[in-house]
Amino acid sequence: MIYVIILLLLLSLILNIVLWHRYRRNAHKVSFLFNAIDNGDFSFRFPETKSKDDELVNASLNRIKTILQHARNEQIEREKYYEVILDSVDTGILVVDEQRGLVLRSNKAARTMLKRQTITHISQVSDRLSAFSMRESHTTLQGKKVMIMAFSDIHGELANQEIDAWVKLIRVLTHEIMNTITPVIALSDTSTTPTTSTTKTTDSVPSTASEEQEKLRIIHSTSVELMEFVENYRKFTHVPTPLPTLFYVKPFVARLANLAEHWLKPGCTIHVNIEPEDLMVYADEGLTSRVVSNLIKNAAEAIGNDGNIMIHAYTGEHDNVTIDISDDGPAIPPDLAAHIFVPFFTTKKQGSGIGLSISRQIMRTMGGMIELVSNTEPTTFRLTFQ
């Protein structure tokens, strides 16, 4: 009996040791499974044909892995889907950790409007956010208090709507005025042509024909002036379709600077700085020339008989080609700066008030932008090409 009892104890001990090793092995498998999943590694697979004892356990663990991998893939697809939606809207969106100020998520519109490729902390863009219309909401994300900031560039949209409204109004005006003035000019031009019958005078009605011709000359002159005025409207509403090409900025600016020197006053100087020297831009060269020439002329008028005009071309943020035209003349007062791009607004006695508005229209049709850089000395107009 003693030997039997000892044998049974030995068998029981061996069985417990075997079971303990099997438990430890399975526990290691489960631990490995969750560690790999926690690290995002789903490339492993437990063998299901090694032994009958491990077949059920390994098959179960592989099934758990497949289920979790499927759930993770679905989550990734949903995140990509939501990210595409966020990047397709024009409203800028930032998700910010309220305690640390870290930017957890930003969409494409936010990075574009804030002119940054990446945004990691709210302090990087806090000074620029004041220029936009802002909406804020608060929620909790993974136990963290976050703030969702949605902002939009209403000023740019309002500027585009303003231009569209002006274009529609001016097209109606030009159509109606041109139809009215054209026959008046033709009639007055015919009436002012000297003829035998209209040049004869009598003592009883002296100089009647000459008086009538003088009136007609006044009508004709007024009609021509009105036609010139209407032509300015036409120029604003008929910007040619851009034909963009790739061209070097340095010879382009140098050519315009050389042309400008012929009509600049002797005390004026143009300084050109191109960085890098092989800088290229994809735009309509002819239309761009009109814009830059107009800005150079405005700068020349601002500096008068003695001053400097600076043209600086460089690569801005997001690899946008930027051209700054500056002058050291008197600064533009803030009350006037708010209206300089409004069509037909001018402070010059002989100005038409369409130069800057046409320039903005041209840059808009080319997908670029023109702006007066505020709070800077000297006065700087900036052209940005996409």
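Thresholds, definitions, all that
Residues numbered from 1 in each chain as written. Predicted model: local features only at pLDDT ≥ 70, side-chain atom pairs only at ≥ 80, totals over all residues. Heavy atoms only, no water. Core = buried A, V, L, I, M, F, W, Y, C linked by side-chain atoms within 4.5 Å. Buried < 20%, exposed > 50% of the residue type's maximum accessible area, 1.4 Å probe, protein only. Helix = DSSP H or I, 4+ residues; strand = E, 2+ residues; numbered from the N terminus. Contact = heavy atoms within 4.5 Å. Phe/Tyr/Trp six-rings, centres within 6.5 Å; stacked < 30°, edge-to-face > 60°. Lys NZ or Arg CZ within 6 Å of the ring centre and 35° of its normal. Pairing = 2+ DSSP bridges. pLDDT = per-residue confidence, 0-100.

1. Notes on the nonpolar core
As a rule of thumb, soluble globular proteins bury nonpolar side chains together.
Part 1 of the reasoning: Ranked by internal contacts, the top residues of the largest apolar core, which has 41 residues, are Val249, Leu383 and Phe385.
Part 2 of the reasoning: Sorting the residues of this core by element identifies α8 (249–263), β6 (267–274), β7 (280–283), α9 (285–303), β8 (306–315), β9 (321–327), α11 (355–365) and β11 (379–385) as the ones contributing at least two each.
Part 3 of the reasoning: Apart from the residues within four sequence positions on either side, Leu383 is in contact with Val291, Val292, Leu295, Val321, Thr322, Ile323, Ile325, Met363, Met369 and Ile370.
Part 4 of the reasoning: In terms of nonpolar packing, the next biggest core, distinct from the first, is built from 15 residues, Leu94, Leu114, Ile122 and Val125 among them.

2. Here's the deal with the packing of aromatic side chains
Centre-to-centre distance and the angle between the planes together describe a pair of aromatic rings.
Part 1 of the reasoning: Going through the model one piece at a time under the given rule, you end up with 6 aromatic pairs.
Part 2 of the reasoning: Relative to Phe151, the ring of Phe132 has its centre 5.5 Å away and its plane inclined at 45 degrees; by these criteria the two rings are tilted. In this pair, Phe132 is assigned in the loop between α4 (126–129) and β3 (133–141) and Phe151 in strand β4 (residues 144–152), connecting sequence segments 19 residues apart.
Part 3 of the reasoning: One aromatic cluster in this structure is built from Phe32, Phe44 and Phe46.
Part 4 of the reasoning: The ring of Phe44 has Lys65 lying over it, and the distance from NZ or CZ to the ring centre is 5.5 Å.

3. As for unusual backbone geometry
Part 1 of the reasoning: Between Glu275 and Pro276 the backbone carries a cis peptide bond, its omega angle lying at -10 degrees.
Part 2 of the reasoning: By secondary structure assignment, the location of Pro276 is in the loop between β6 and β7.
Part 3 of the reasoning: If you check the backbone angles, Lys115 has positive phi at about 60 degrees while not being a glycine.
Part 4 of the reasoning: Among the secondary structure elements, Lys115 is positioned in the loop between α3 (108–113) and α4.

4. So, the pairing of β9
Part 1 of the reasoning: Burial analysis of β9 places 7 of its 7 residues in the buried class, the great majority of the element.
Part 2 of the reasoning: Burial along β9 is two-sided: the face carrying Val321, Ile323, Ile325 and Asp327 and the face carrying Thr322, Asp324 and Ser326 are both buried.
Part 3 of the reasoning: In this structure, β8 lies alongside β9, joined through 7 bridges in antiparallel fashion. Paired with Ala313 across the strands is Ile323, a residue of β9.
Part 4 of the reasoning: Taken together, β8 and the strand that follows it, β9, pair antiparallel across an intervening segment of 5 residues, in which His318 is found at a positive phi of about 60 degrees.
Part 5 of the reasoning: With 7 bridges joining them, β9 and β11 adopt antiparallel strand pairing. The residue of β11 that forms the bridge with Asp327 is Thr379.

5. Points about the confidence of the model for the chain
Interpretation of this model should avoid reading the predicted coordinates in detail wherever pLDDT is low.
Part 1 of the reasoning: Within the chain, residue pLDDT values average 80, and 81% of them lie at 70 or more.
Part 2 of the reasoning: For the stretch residues 196–205, pLDDT sits under 50, and the model shows 5 contacts to residues farther than four places along the chain or on other chains.

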